[in-house]
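Residues per chain, in single letters:
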Amino acid sequence: MKVRVTITLKAGVLDPQGKAIEGALRGLGFAGIDGARQGKIVDLTLAETDKDKARATVADMCEKLLANTVIENYDIAILG
Amino acid sequence: MRSAVVLFPGSNRDHDMVKALHSVTGIKPTVVWHQDATLPDVDLIVLPGGFSYGDYLRCGAIAARSPAMLDVARKAKAGVRVLGVCNGFQILTEAGLLPGALMRNAHLRFVCKEVKLEVTNNDTDFTRAYAKGQVIRCPVAHHDGNYFADPETLARLEGDGRVAFRYAEGTNPNGSINDIAGILNEAGNVLGMMPHPENLIEALHGGFDGRGLFESVATSLAA
(Lines give C-alpha, C1' and ligand atoms only; values in the text may rest on other atoms or scores of the structure.)
Protein backbone atom coordinates (compact mmCIF):
# COMPACT_ATOMS: atom_id res chain seq x y z
CA MET A 1 0.00 0.00 0.00
CA LYS A 2 1.21 3.47 -0.85
CA VAL A 3 0.78 6.16 1.76
CA ARG A 4 1.64 9.83 1.40
CA VAL A 5 2.56 11.89 4.46
CA THR A 6 2.44 15.66 4.04
CA ILE A 7 4.28 17.63 6.71
CA THR A 8 3.64 21.35 7.06
CA LEU A 9 4.70 24.00 9.54
CA LYS A 10 2.04 24.96 12.06
CA ALA A 11 0.34 28.32 11.64
CA GLY A 12 2.28 31.00 13.49
CA VAL A 13 5.63 29.25 13.12
CA LEU A 14 8.00 31.46 11.14
CA ASP A 15 8.86 29.91 7.78
CA PRO A 16 11.85 31.82 6.39
CA GLN A 17 12.10 29.46 3.41
CA GLY A 18 8.46 30.09 2.52
CA LYS A 19 9.12 33.83 2.84
CA ALA A 20 12.11 33.56 0.48
CA ILE A 21 9.99 31.63 -2.05
CA GLU A 22 7.27 34.27 -1.79
CA GLY A 23 9.83 37.02 -2.39
CA ALA A 24 11.30 35.21 -5.39
CA LEU A 25 7.84 34.71 -6.92
CA ARG A 26 7.14 38.42 -6.50
CA GLY A 27 10.49 39.11 -8.13
CA LEU A 28 9.37 37.09 -11.14
CA GLY A 29 6.38 39.39 -11.47
CA PHE A 30 3.68 37.12 -10.00
CA ALA A 31 1.15 39.41 -8.34
CA GLY A 32 -1.46 38.72 -5.66
CA ILE A 33 0.56 36.31 -3.53
CA ASP A 34 -0.79 36.34 0.02
CA GLY A 35 1.70 33.83 1.38
CA ALA A 36 3.93 30.82 0.67
CA ARG A 37 4.64 28.05 3.17
CA GLN A 38 7.08 25.24 2.47
CA GLY A 39 6.49 21.68 3.66
CA LYS A 40 7.65 18.20 2.77
CA ILE A 41 6.20 14.96 1.46
CA VAL A 42 7.22 11.44 2.48
CA ASP A 43 5.88 8.61 0.29
CA LEU A 44 5.82 5.23 2.01
CA THR A 45 5.29 1.79 0.51
CA LEU A 46 3.94 -0.59 3.16
CA ALA A 47 3.28 -4.34 3.22
CA GLU A 48 0.06 -3.67 5.19
CA THR A 49 -3.15 -4.11 3.17
CA ASP A 50 -5.66 -2.84 5.74
CA LYS A 51 -6.17 0.91 5.32
CA ASP A 52 -7.09 1.63 8.93
CA LYS A 53 -4.12 -0.32 10.25
CA ALA A 54 -1.81 1.43 7.77
CA ARG A 55 -3.15 4.80 8.82
CA ALA A 56 -2.62 4.00 12.51
CA THR A 57 0.94 2.78 11.89
CA VAL A 58 1.83 5.85 9.84
CA ALA A 59 0.37 8.15 12.50
CA ASP A 60 2.67 6.45 15.00
CA MET A 61 5.60 6.98 12.59
CA CYS A 62 4.70 10.67 12.34
CA GLU A 63 4.55 11.12 16.11
CA LYS A 64 7.83 9.30 16.68
CA LEU A 65 9.95 10.55 13.77
CA LEU A 66 8.46 11.97 10.58
CA ALA A 67 7.06 15.17 12.09
CA ASN A 68 8.23 17.36 14.94
CA THR A 69 4.87 18.11 16.47
CA VAL A 70 6.30 21.13 18.32
CA ILE A 71 6.41 22.98 15.02
CA GLU A 72 4.78 20.73 12.39
CA ASN A 73 1.43 19.24 11.46
CA TYR A 74 1.07 16.09 9.40
CA ASP A 75 -1.58 14.73 7.07
CA ILE A 76 -1.85 11.10 6.03
CA ALA A 77 -3.34 10.13 2.64
CA ILE A 78 -3.81 6.53 1.48
CA LEU A 79 -2.87 6.51 -2.19
CA GLY A 80 -3.89 2.86 -2.68
CA MET B 1 35.12 14.57 36.32
CA ARG B 2 34.52 11.64 33.99
CA SER B 3 32.84 12.51 30.73
CA ALA B 4 31.70 10.91 27.49
CA VAL B 5 31.23 12.41 24.04
CA VAL B 6 28.66 10.71 21.80
CA LEU B 7 29.76 10.41 18.19
CA PHE B 8 27.12 10.36 15.43
CA PRO B 9 27.73 9.95 11.70
CA GLY B 10 28.29 13.56 10.66
CA SER B 11 29.47 14.91 14.02
CA ASN B 12 32.42 17.21 13.36
CA ARG B 13 33.05 19.12 16.60
CA ASP B 14 33.74 15.98 18.63
CA HIS B 15 37.54 16.49 18.57
CA ASP B 16 37.18 20.07 19.79
CA MET B 17 34.92 18.89 22.60
CA VAL B 18 37.26 16.05 23.59
CA LYS B 19 40.18 18.50 23.70
CA ALA B 20 38.21 21.02 25.76
CA LEU B 21 37.07 18.41 28.30
CA HIS B 22 40.58 16.97 28.54
CA SER B 23 42.08 20.42 28.98
CA VAL B 24 39.67 21.56 31.69
CA THR B 25 39.16 18.34 33.66
CA GLY B 26 42.55 16.68 33.12
CA ILE B 27 40.79 13.44 32.19
CA LYS B 28 40.32 12.34 28.60
CA PRO B 29 36.63 11.73 27.85
CA THR B 30 35.37 8.43 26.46
CA VAL B 31 34.07 8.66 22.90
CA VAL B 32 30.90 6.60 22.44
CA TRP B 33 29.55 5.48 19.05
CA HIS B 34 25.86 6.27 18.61
CA GLN B 35 25.01 2.58 18.05
CA ASP B 36 26.22 1.65 21.53
CA ALA B 37 23.11 1.01 23.57
CA THR B 38 24.86 1.59 26.90
CA LEU B 39 27.03 4.55 27.77
CA PRO B 40 29.79 4.24 30.37
CA ASP B 41 29.13 5.46 33.88
CA VAL B 42 30.19 9.13 33.67
CA ASP B 43 29.40 12.47 35.31
CA LEU B 44 28.82 14.40 32.09
CA ILE B 45 27.56 13.28 28.69
CA VAL B 46 28.20 15.64 25.77
CA LEU B 47 26.50 15.66 22.38
CA PRO B 48 28.89 17.59 20.13
CA GLY B 49 28.23 19.82 17.16
CA GLY B 50 28.16 18.82 13.53
CA PHE B 51 25.65 17.68 10.96
CA SER B 52 24.48 14.28 12.13
CA TYR B 53 22.94 12.32 9.25
CA GLY B 54 23.52 15.32 7.01
CA ASP B 55 20.62 17.15 8.70
CA TYR B 56 18.27 14.80 6.79
CA LEU B 57 14.56 15.08 7.66
CA ARG B 58 15.22 17.73 10.36
CA CYS B 59 18.44 18.70 12.12
CA GLY B 60 19.12 16.10 14.81
CA ALA B 61 15.92 14.15 14.11
CA ILE B 62 17.53 10.84 13.15
CA ALA B 63 20.37 11.02 15.66
CA ALA B 64 17.79 11.61 18.40
CA ARG B 65 16.39 8.12 17.73
CA SER B 66 19.73 6.27 17.93
CA PRO B 67 20.34 3.53 20.54
CA ALA B 68 22.82 5.70 22.48
CA MET B 69 20.20 8.43 22.88
CA LEU B 70 17.80 6.06 24.65
CA ASP B 71 20.49 5.54 27.27
CA VAL B 72 21.23 9.28 27.36
CA ALA B 73 17.54 9.85 28.15
CA ARG B 74 17.63 7.22 30.90
CA LYS B 75 20.77 8.68 32.42
CA ALA B 76 19.46 12.26 32.15
CA LYS B 77 16.37 11.17 34.06
CA ALA B 78 18.64 9.68 36.72
CA GLY B 79 20.35 13.07 37.11
CA VAL B 80 23.50 12.68 34.99
CA ARG B 81 24.49 16.03 33.51
CA VAL B 82 24.03 16.29 29.75
CA LEU B 83 25.38 19.06 27.53
CA GLY B 84 24.33 19.46 23.89
CA VAL B 85 26.15 22.02 21.77
CA CYS B 86 24.88 23.16 18.36
CA ASN B 87 23.76 19.94 16.63
CA GLY B 88 23.79 18.44 20.13
CA PHE B 89 21.18 21.03 21.19
CA GLN B 90 19.09 20.15 18.13
CA ILE B 91 19.34 16.45 19.03
CA LEU B 92 18.24 17.16 22.63
CA THR B 93 15.11 19.02 21.47
CA GLU B 94 14.33 16.29 18.91
CA ALA B 95 14.74 13.65 21.62
CA GLY B 96 12.29 15.53 23.83
CA LEU B 97 14.91 16.11 26.54
CA LEU B 98 14.54 19.86 26.04
CA PRO B 99 11.41 21.75 24.96
CA GLY B 100 10.97 23.75 21.76
CA ALA B 101 12.67 23.39 18.40
CA LEU B 102 15.55 24.88 16.41
CA MET B 103 14.49 26.24 13.07
CA ARG B 104 16.27 27.59 10.01
CA ASN B 105 18.04 30.92 10.75
CA ALA B 106 15.61 33.76 10.14
CA HIS B 107 17.82 35.29 7.42
CA LEU B 108 18.39 31.83 5.87
CA ARG B 109 22.19 32.16 5.90
CA PHE B 110 24.71 29.94 7.63
CA VAL B 111 26.41 32.00 10.37
CA CYS B 112 30.00 31.44 11.45
CA LYS B 113 31.21 34.22 13.73
CA GLU B 114 31.69 35.35 17.29
CA VAL B 115 28.71 36.55 19.32
CA LYS B 116 28.24 37.97 22.80
CA LEU B 117 26.42 35.86 25.35
CA GLU B 118 24.79 37.09 28.51
CA VAL B 119 24.86 34.62 31.40
CA THR B 120 21.16 34.99 32.14
CA ASN B 121 21.17 32.52 35.02
CA ASN B 122 24.41 31.74 36.84
CA ASP B 123 22.70 29.63 39.50
CA THR B 124 23.03 26.41 37.47
CA ASP B 125 25.50 23.52 37.38
CA PHE B 126 26.73 24.77 33.99
CA THR B 127 27.15 28.50 34.69
CA ARG B 128 28.20 28.91 38.31
CA ALA B 129 31.74 30.03 37.41
CA TYR B 130 30.30 33.10 35.70
CA ALA B 131 28.68 36.16 37.26
CA LYS B 132 24.96 36.78 36.72
CA GLY B 133 24.56 39.06 33.74
CA GLN B 134 28.22 38.62 32.73
CA VAL B 135 28.73 39.01 29.00
CA ILE B 136 31.13 36.51 27.46
CA ARG B 137 32.45 35.97 23.94
CA CYS B 138 31.51 32.76 22.16
CA PRO B 139 31.71 31.50 18.56
CA VAL B 140 28.64 30.25 16.68
CA ALA B 141 28.51 28.19 13.47
CA HIS B 142 25.10 26.98 12.36
CA HIS B 143 22.30 27.16 9.82
CA ASP B 144 19.43 26.13 12.08
CA GLY B 145 19.76 27.87 15.44
CA ASN B 146 16.57 29.87 15.49
CA TYR B 147 15.03 28.77 18.78
CA PHE B 148 11.26 28.49 18.81
CA ALA B 149 8.81 27.50 21.53
CA ASP B 150 5.08 28.08 21.97
CA PRO B 151 4.12 31.00 24.28
CA GLU B 152 3.28 28.76 27.26
CA THR B 153 6.61 26.90 27.07
CA LEU B 154 8.46 30.17 26.65
CA ALA B 155 6.75 31.70 29.69
CA ARG B 156 7.67 28.63 31.72
CA LEU B 157 11.33 28.73 30.59
CA GLU B 158 11.63 32.42 31.41
CA GLY B 159 9.68 32.20 34.67
CA ASP B 160 11.69 29.25 36.00
CA GLY B 161 15.09 30.71 35.15
CA ARG B 162 15.73 28.04 32.55
CA VAL B 163 17.23 30.42 29.99
CA ALA B 164 20.94 29.97 30.78
CA PHE B 165 22.38 32.09 27.97
CA ARG B 166 21.00 34.87 25.82
CA TYR B 167 22.57 36.58 22.79
CA ALA B 168 23.65 40.03 24.00
CA GLU B 169 24.45 43.43 22.60
CA GLY B 170 22.43 42.94 19.43
CA THR B 171 24.39 39.85 18.34
CA ASN B 172 21.42 37.46 17.95
CA PRO B 173 22.68 35.67 14.82
CA ASN B 174 19.61 33.64 13.90
CA GLY B 175 16.34 35.29 14.97
CA SER B 176 15.97 33.18 18.12
CA ILE B 177 12.90 34.04 20.14
CA ASN B 178 13.75 36.21 23.23
CA ASP B 179 17.43 36.07 22.05
CA ILE B 180 17.63 32.58 23.56
CA ALA B 181 21.02 30.90 23.06
CA GLY B 182 20.85 28.13 25.67
CA ILE B 183 18.20 26.48 27.85
CA LEU B 184 17.96 23.98 30.68
CA ASN B 185 15.54 21.15 31.33
CA GLU B 186 13.22 21.33 34.32
CA ALA B 187 15.60 19.48 36.65
CA GLY B 188 18.53 21.66 35.56
CA ASN B 189 20.86 18.79 34.62
CA VAL B 190 20.46 19.07 30.83
CA LEU B 191 21.75 22.13 28.95
CA GLY B 192 21.42 22.77 25.24
CA MET B 193 23.11 25.72 23.55
CA MET B 194 23.86 26.77 19.98
CA PRO B 195 27.21 28.58 20.63
CA HIS B 196 30.46 26.63 21.02
CA PRO B 197 32.08 27.17 24.45
CA GLU B 198 34.58 24.39 23.59
CA ASN B 199 36.09 26.69 20.98
CA LEU B 200 37.19 29.39 23.42
CA ILE B 201 39.20 27.65 26.09
CA GLU B 202 42.89 28.25 25.35
CA ALA B 203 45.28 30.97 24.20
CA LEU B 204 45.36 29.70 20.62
CA HIS B 205 41.57 30.11 20.47
CA GLY B 206 42.03 33.77 21.32
CA GLY B 207 40.35 33.61 24.68
CA PHE B 208 39.17 31.55 27.64
CA ASP B 209 35.52 32.59 27.99
CA GLY B 210 34.19 29.07 27.36
CA ARG B 211 36.21 27.42 30.15
CA GLY B 212 33.82 28.61 32.84
CA LEU B 213 31.08 26.31 31.58
CA PHE B 214 33.18 23.16 31.93
CA GLU B 215 34.68 24.38 35.21
CA SER B 216 31.14 24.96 36.53
CA VAL B 217 30.15 21.36 35.82
CA ALA B 218 33.35 20.02 37.41
CA THR B 219 32.82 22.22 40.49
CA SER B 220 29.17 21.22 40.82
CA LEU B 221 30.25 17.57 40.99
CA ALA B 222 32.87 18.25 43.63
CA ALA B 223 30.37 20.11 45.80
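The name an unreviewed UniProt entry gives chain B is Phosphoribosylformylglycinamidine synthase subunit PurQ, with Pleomorphomonas diazotrophica as the organism. Under the heading Subcellular location (unreviewed entry), UniProt records this for chain B: "Cytoplasm".

Chain A appears in an unreviewed UniProt entry as Phosphoribosylformylglycinamidine synthase subunit PurS from Pleomorphomonas diazotrophica. According to the UniProt record, the Subcellular location (unreviewed entry) comment for chain A reads "Cytoplasm". According to its UniProt record, chain A has this under Pathway (unreviewed entry): "Purine metabolism; IMP biosynthesis via de novo pathway; 5-amino-1-(5-phospho-D-ribosyl)imidazole from N(2)-formyl-N(1)-(5-phospho-D-ribosyl)glycinamide: step 1/2."

1. Observations concerning the environment of Asp179 of chain B
Residue and element names in this part refer to chain B. Looking at the element boundaries, Asp179 is found in the loop between strand 9 (163-167) and strand 10 (180-184). Since its relative accessible area comes to 32%, Asp179 is described here as partly exposed. Asp179 sits 23 residues away from Arg156 along the chain, and the two C-alpha atoms are 16 Å apart. The contact partners of Asp179, leaving out residues within four places of it in the chain, are Phe165, Arg166, Tyr167 and Asn172. Within the structure, Asp179 has its side chain in polar contact with the side chain of Asn172 (distance 2.8 Å).

2. Topic: the environment of Ile41 of chain A
All names here are of chain A. By secondary structure assignment, the location of Ile41 is in strand 2 (residues 40-45). Overall, Ile41 belongs to the partly exposed group, its relative accessible area being 49%. It is 9.6 Å that separates the C-alpha atoms of Ile41 and Asp75, two residues lying 34 residues apart in sequence.

3. Regarding the interface of chain B and chain A
With 14 residues of chain B in contact, the opposing surface of chain A contributes 16 residues. Taken over both partners, the interface formed by chain B and chain A buries close to 1200 Å², and the fraction arising from carbon and sulfur atoms is 66%. Sorting the residues of chain B by area buried against chain A places Leu57, Arg58 and Met103 of chain B first, and these three jointly supply 39% of that buried surface. Scanning the region where chain B abuts chain A turns up 5 residue pairs in polar contact (both at pLDDT 80 or more). Counting only elements with at least two residues in the side of chain B that touches chain A, the list comes to strand 5 (101-103) and strand 8 (146-148) of chain B.

4. Looking at unusual backbone geometry
All names here are of chain B. A positive phi angle is found at Leu57, which is not glycine, with a value near 70 degrees. Since its relative accessible area comes to 26%, Leu57 is described here as partly exposed. For Glu169, which is not glycine, the phi torsion reads 55 degrees and is therefore positive. Relative to the elements of secondary structure, Glu169 occurs in the loop between strand 9 and strand 10.

5. Brief notes about the sheet that holds strand 3 (residues 72-78) of chain A
Residue and element names in this part refer to chain A. With antiparallel pairing, 3 strands are arranged side by side in an open sheet as 2-1-3. The open sheet terminates on both sides in strands that have one partner only, identified here as strand 2 and strand 3. Neighbour-to-neighbour, the strand axes of this sheet turn through a mean angle of 20 degrees, independent of strand direction. Two strands pair when backbone bridges link them, and strand 1 (residues 2-9) and strand 3 are joined in this way by 7 bridges, in the antiparallel orientation. Note on strand 3: the bridge partner recorded for Ile7 is Tyr74. Relative to the sheet, helix 2 (residues 51-66) contacts strand 1, strand 2 and strand 3, its axis offset from that of strand 3 by approximately 155 degrees.

6. Focus on the pattern of salt bridges
Taken as a whole and assessed by the stated rule, the structure comprises 19 salt bridges over all chains. The shortest N-O distance in the salt bridge between Arg166 of chain B and Glu118 of chain B comes to 3.9 Å. With Arg166 of chain B in strand 9 and Glu118 of chain B in strand 6 (residues 111-119), the pair connects residues that are 48 residues apart, well separated along the chain. Accessibility expressed as a relative area gives 17% for Arg166 of chain B, which makes it buried. The exposure class of Glu118 of chain B is partly exposed, given its relative accessible area of 27%. Of the charged contacts in the structure, one is a salt bridge between Arg166 of chain B and Glu158 of chain B, with a shortest N-O distance of 2.9 Å. Relative accessible area serves as the criterion here: at 28%, Glu158 of chain B is assigned to the partly exposed category. Because the salt bridges share partners, they merge into one network encompassing Lys40 and Glu72 of chain A together with Arg58, Arg65 and Glu94 of chain B.

Conventions adopted
- Residues numbered from 1 in each chain as written.
- Chains lettered and ligands numbered in written order.
- Predicted model: local features only at pLDDT ≥ 70, side-chain atom pairs only at ≥ 80, totals over all residues.
- Heavy atoms only, no water.
- UniProt positions renumbered as here; feature names shortened; annotations may be inferred.
- Helix = DSSP H or I, 4+ residues; strand = E, 2+ residues; numbered from the N terminus.
- Buried < 20%, exposed > 50% of the residue type's maximum accessible area, 1.4 Å probe, protein only.
- Contact = heavy atoms within 4.5 Å.
- Polar contact = N/O pair within 3.5 Å; in protein donor to acceptor, adjacent residues only side chain to side chain.
- Buried area = accessible area lost by both parts, 1.4 Å probe.
- Pairing = 2+ DSSP bridges.
- Axes fitted to C-alpha atoms, helices over the stretch in contact; angles between N-to-C directions.
- Salt bridge = Lys/Arg side-chain N within 4 Å of Asp/Glu carboxyl O.

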